Amino acid sequence: MTRTPLMAGNWKMNLDHLEATATIQRLHWALQDANFDYGKAEVAVLPPFTDLRSVQTVTDADNMSIRYGAQDVSVHPDGAYTGEISARMLSKLGCSYVVVGHSERRQYHGETDQEVGEKALAALAGGMVPIICVGEALAIRKAGEHVAYTLAQIDAVFAELAPELASRSVVAYEPIWAIGTGEVATPADAQEVCGAIRERLAELYGRDAAEAIRILYGGSVKSSNVAAIMAEPDVDGGLVGGASLDPEEFARVCRFSEYIA
Ligand code: 13P
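Conventions and cut-offs
Residues numbered from 1 in each chain as written. Predicted model: local features only at pLDDT ≥ 70, side-chain atom pairs only at ≥ 80, totals over all residues. Heavy atoms only, no water. Helix = DSSP H or I, 4+ residues; strand = E, 2+ residues; numbered from the N terminus. Rg over C-alpha atoms; globule rule 2.2 N^0.38 Å. Buried < 20%, exposed > 50% of the residue type's maximum accessible area, 1.4 Å probe, protein only. Contact = heavy atoms within 4.5 Å. Areas by Shrake-Rupley, 256 points an atom, 1.4 Å probe, with all protein chains shown as cover. Lys, Arg positive; Asp, Glu negative; His and termini not counted. Salt bridge = Lys/Arg side-chain N within 4 Å of Asp/Glu carboxyl O. Polar contact = N/O pair within 3.5 Å; in protein donor to acceptor, adjacent residues only side chain to side chain. Phe/Tyr/Trp six-rings, centres within 6.5 Å; stacked < 30°, edge-to-face > 60°. Pairing = 2+ DSSP bridges. Axes fitted to C-alpha atoms, helices over the stretch in contact; angles between N-to-C directions. Near = heavy atom within 4 Å. 1 Å grid on protein atoms, 1.4 Å probe; cavity = no way out; pocket = protein on both sides within 12 Å on 5 of 7 lines; lining within 4 Å. Sits in = over half its atoms within 2 Å of the grid points. Nonpolar A, V, L, I, M, F, W, Y, C, P; charged D, E, K, R; others polar. Expected span 1.5 Å × (residues − 1). Points joined across faces, edges and corners; volume = space filled by probe spheres on them.

Draft legend 1. Layout of the overall build of the protein chain. Tallying secondary structure elements over the protein chain gives 12 helices and 8 strands in all. Relative to the compact-globule value of 18 Å for 261 residues, the protein chain shows a C-alpha radius of gyration of 17 Å, a close match. C-alpha atoms of the protein chain, sized along the principal axes, occupy 55 × 45 × 35 Å. Burial analysis of the protein chain (261 residues in total) assigns 51% to the buried set. Sequence separation of at least 24 residues holds for 75% of the intrachain contacts in the protein chain that already meet a minimum separation of 6. When the accessible surface of the protein chain is totalled, it reaches about 11300 Å², and 52% of it is carbon and sulfur.

In structure tokens, the structure reads:
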């Protein structure tokens, strides 16, 4: 089973729509200058909602192969939910992906696993691929409970998803202690949890489905550490925060296959 790697740049709450336009153009040019082969890795950016229309316009106009998506979605299809954005709105803007359950949403907005599962379902119903985030805080890792904790999140979120929907999803393992801290999980740490996630998905949905689902690692990924992490068998890509805000650096991250010996 060969899974096409996915490098997704989560811009978080950075870059206004003018900066977004310039950033995506520079990313496209950097990849073009390097004769980047999009068969080696799918490239996506995940801008704030207010940038999506501009990103759509520029990627369409220049016929770019870069995909894009949103950082969150409402569980509701429409209605009186002030401030929320529906899956239909995102799909209409050409989004391919939606991040659900990022640790910053869980931590600052109290999102539960059940809600994360419902958001994944909303994204899938809108024809988009959810990037379902899981991962433990430092205290849980120190207690040696990181695998059990992360698998419990997988069980609870995937309880919302029927097999055909599960196999269209992406999982991102992001240990919270490695996010924005410069502290990277070792390749072995990433493999330990990503491998355990794949085994759990195989128990839930069967081996074929589990082998088809892409599992990303996120947490201080940059061009200097990406190749070692991507060399692990169950790591199928990266969810990249800080390093994705610099388009030339993110292009180097996307080119990881050129540095794997
Ligand atoms: P950093 O790459 O900045 O550590 O962020 C990781 C992340 O949270 C991506 O979603």
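Draft legend 2. Seen up close, the side chain of E174. Checked against the element boundaries, E174 lands in the loop between β6 (170-173) and α9 (187-205). Of the side chains with opposite charge, K12 comes closest to the buried, unpaired E174, at an N-O distance of 5.9 Å. A polar contact is formed between the side chain of E174 and the side chain of H102, at a distance of 3.0 Å. In this view, E174 contacts H102, C133, V134, G135, E136, I179, G218, G219 and L239; residues no more than four positions away in its chain are not counted.

Draft legend 3. Summary view of the packing of aromatic side chains. Following the criterion strictly, the structure yields 3 aromatic pairs and no others. Plain terms: the ring middles of F36 and Y38 are 4.9 Å apart, the flat faces sit at 85 degrees to each other, and that makes the pair edge-to-face. With a centroid separation of 6.4 Å and 55 degrees between ring planes, the pair formed by Y173 and Y217 is classed as tilted. Residue Y173 is located in strand β6, and its partner Y217 is located in strand β7 (residues 214-218); the two are separated by 44 residues in the primary sequence. On the accessibility criterion, Y173 (0% relative accessible area) is buried. Here Y217 falls in the buried class, since its relative accessible area comes to 0%.

Draft legend 4. Focus on the sheet that holds β6. A barrel is described by the order of its strands in space; here 8 strands give the closed sequence β1-β2-β3-β4-β5-β6-β7-β8, paired in parallel fashion. Adjacent strand axes in the sheet meet at a mean angle of 25 degrees when their direction is disregarded. In terms of strand pairing, strand β1 (residues 6-10) meets strand β2 (residues 42-46) through 5 bridges, oriented parallel. By the bridge assignment, L6 is partnered in β2 with E42. Packing against the sheet, α9 makes contact with β5 (129-134), β6 and β7, and its axis sits at approximately 150 degrees to β7.

Draft legend 5. Structural detail: the site of the ligand. Around the ligand sit 13 residues, and of these K12, H102, G180, S220 and G242 come closest. Between an oxygen atom of the ligand and a side-chain N or O atom of H102, the distance comes to 2.8 Å. G242 places a polar main-chain atom, nitrogen or oxygen, 2.8 Å from an oxygen atom of the ligand. Look at the ligand: alone it shows 310 Å² of surface, and the protein chains cover 95% of it. With respect to the pocket detection grid, the ligand is positioned in the second largest pocket. For the shell around the ligand, the per-class residue count stands at 4 nonpolar, 7 polar and 2 charged.

Draft legend 6. Quick peek at α9. Here α9 is 19 residues long and its end C-alpha atoms lie 26 Å apart, about the 27 Å a rise of 1.5 Å per residue gives. Those residues of α9 that fall on the buried side of the exposure criterion are A190, Q191, V193, C194, G195, A196, I197, R198, L201, A202 and Y205. Remark: G206 follows α9 within two positions and exhibits a positive phi of approximately 95 degrees.

Draft legend 7. Looking closely at the layout of surface pockets. Of the voids in this model, the largest pocket is the one considered here, and its volume is about 370 Å³. At 4 residues, the largest contribution of residues to the lining of the largest pocket is made by helix α4 (residues 103-109). For the lining of the largest pocket, the residue count by class is 6 nonpolar, 4 polar and 4 charged. A volume near 160 Å³ is recorded for the second largest pocket. In terms of lining residues, the second largest pocket is bounded by 15 residues, among which G180, S220, V240, G241 and G242 are the most central. A breakdown of the residues in the lining of the second largest pocket according to their chemical character gives 5 nonpolar, 8 polar and 2 charged.

Remember, this is a structural readout, not a statement about activity or role.
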